[in-house]
Amino acid sequence: MENNDEVENKVVLVGETSVGKTCIITQLIYGKFKEFIESSLTAQYCQKNFEFPGDKSIKLDIWDTAGQERFRSLNRIFYSNAKAAILVYDITNQKSFDEIKNYWYGQIKENCSKNIIIAIAANKSDLYEDREVSNEIGEEFANSINAIFSSISAKSDSGIKDLFENIAKRMLNNNLNLKANKTIIIKNKKKKNSKCC
């Protein structure tokens, strides 16, 4: 099986406090939802392996960052070498959506590679009756920055696996393309140095 475990495939979750970043990861890794989880005070880390047809697999290093304003400056440390970023907002909280547009997206652009994979996660879709942000508005923003859009619910486990699988697929393709480019460069160097007769 071809795998990418030797490569750091770092994914960071960012967004305001209480949008459900920790709950999303808990649901993805453990298949559980906890109604009351203390807000993250520092970044927390876990790994998840994804397998795809053709004997391909990739292990994601997933980082849950603190959303409180007083910890924002510390989060920059955790953006280093990130290959994907998930900007999470709460569909029942307009401010949380405004902040991913006006603050968190800017932080990703400023501190991460220009080739980073970006996803917009509209969390708490189970609370649709209390919605303040429509999916259309979320999708419009995602399209404007060439990002993946996912409507998810950490509580009902809706859309979470698909979100991470989409990111894993893109990252796997990027890694394979990078390997192919390196092979081409090496081959070209060999040709250049070869002597005839």
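The rules we used
Residues numbered from 1 in each chain as written. Predicted model: local features only at pLDDT ≥ 70, side-chain atom pairs only at ≥ 80, totals over all residues. Heavy atoms only, no water. Helix = DSSP H or I, 4+ residues; strand = E, 2+ residues; numbered from the N terminus. Buried < 20%, exposed > 50% of the residue type's maximum accessible area, 1.4 Å probe, protein only. Contact = heavy atoms within 4.5 Å. Lys, Arg positive; Asp, Glu negative; His and termini not counted. Salt bridge = Lys/Arg side-chain N within 4 Å of Asp/Glu carboxyl O. Polar contact = N/O pair within 3.5 Å; in protein donor to acceptor, adjacent residues only side chain to side chain. Core = buried A, V, L, I, M, F, W, Y, C linked by side-chain atoms within 4.5 Å. Pairing = 2+ DSSP bridges. Right-handed = clockwise from strand over helix to strand, strands pointing away.

Asker: Explain the overall build of the protein to me, and be specific about the residues and the numbers.
Answerer: Along its length, the protein carries 5 helices and 7 strands. Secondary structure elements of the protein, listed N to C terminal, follow the sequence β-β-α-β-β-α-β-α-β-α-β-α. A total of 197 residues make up the protein; the buried ones form 45% of that total. Looking at the protein alone, contacts between residues at least 24 apart form 74% of all its contacts between residues at least 6 apart.

Asker: Can you break down the side chain of Lys10 residue by residue, with the values?
Answerer: By the secondary structure assignment, Lys10 is in strand S2 (residues 10-14). One buried charge, Lys10, has no salt-bridge partner; the nearest side chain with opposite charge is Glu8, at 4.9 Å. A polar atom in the side chain of Lys10 sits 2.8 Å from the backbone oxygen of Ser80. Those residues in contact with Lys10 that lie beyond four places of it in its chain are Asp61, Trp63, Phe78, Tyr79, Ser80, Asn81, Ala82, Lys83, Ala84 and Met171.

Asker: Give me the lowdown on the nonpolar core, citing residues and values where you can.
Answerer: If you look at the biggest cluster of nonpolar residues, it comprises 30 residues, and the most contacted ones within it are Val11, Leu13, Leu60, Ile62, Ile86, Phe164 and Ile167. Of all the elements in the fold, those that place two or more residues in this core are S2, helix H1 (21-30), strand S3 (44-52), strand S4 (56-64), strand S5 (82-90), strand S6 (117-123) and helix H5 (160-193). Counting residues per element, this core draws most heavily on H5, which supplies 8 residues. Setting aside anything within four residues of it in sequence, one finds Val11 in contact with Leu60, Asp61, Ile62, Trp63, Ala84, Ile86, Ile167 and Met171. Counting residues in hydrophobic clusters, the runner-up holds 26 residues, among them Val12, Tyr89, Ile100 and Ile145.

Asker: Tell me about the pattern of salt bridges, and name the residues and values.
Answerer: On inspection of all chains with the given rule, the structure shows 3 salt bridges. A salt bridge links Lys124 to Asp90, with the nearest nitrogen and oxygen atoms 3.2 Å apart. Here Lys124 is found in the loop between S6 and helix H4 (135-144), whereas its partner Asp90 is found in strand S5, with 34 residues between them in sequence. Look at Lys124 and you get partly exposed, because its relative accessible area is 21%.

Asker: So what about the environment of Leu87? Which residues, and what values?
Answerer: Along the chain, the position of Leu87 falls in strand S5. In sequence terms Leu87 and Lys21 are 66 residues apart; their C-alpha atoms lie 9.2 Å from each other. Apart from the residues lying within four places of it in its own chain, the contact partners of Leu87 are Val14, Ile100, Trp104, Tyr105, Ile108, Ile118, Ala119, Ile120 and Ala121.

Asker: How would you summarise H1 if you had to cite specific residues and measurements?
Answerer: In terms of burial, H1 is a largely internal element, 8 of the 10 residues being buried. Residues Lys21, Thr22, Cys23, Ile24, Ile25, Thr26, Gln27 and Leu28 constitute the buried set of H1. Positioned one or two residues after H1, Gly31 has a phi angle of 65°, which is positive.

Asker: Can you lay out the environment of Lys161 for me, pointing to particular residues and giving the numbers?
Answerer: Note that Lys161 resides in helix H5. When the C-alpha atoms of Lys161 and Phe50 are compared, they prove to be 9.9 Å apart, with 111 residues separating the residues in sequence.

Asker: Can you lay out the pairing of S6 for me, pointing to particular residues and giving the numbers?
Answerer: Across the 7 residues that make up S6, a large majority, 7, are buried. Residue alternation in S6 divides its side chains into two sets, Ile117, Ala119, Ala121 and Asn123 and Ile118, Ile120 and Ala122, and both sets are buried. The pairing of S5 with S6 spans 7 bridges and is classified as parallel. By the bridge assignment for S6, Leu87 is matched with Ile120. Handedness of the S5-helix H3 (residues 94-111)-S6 crossover: right-handed. As defined by bridge partners, S6 adjoins strand S7 (residues 148-151) across 4 bridges and the pair is classed as parallel.

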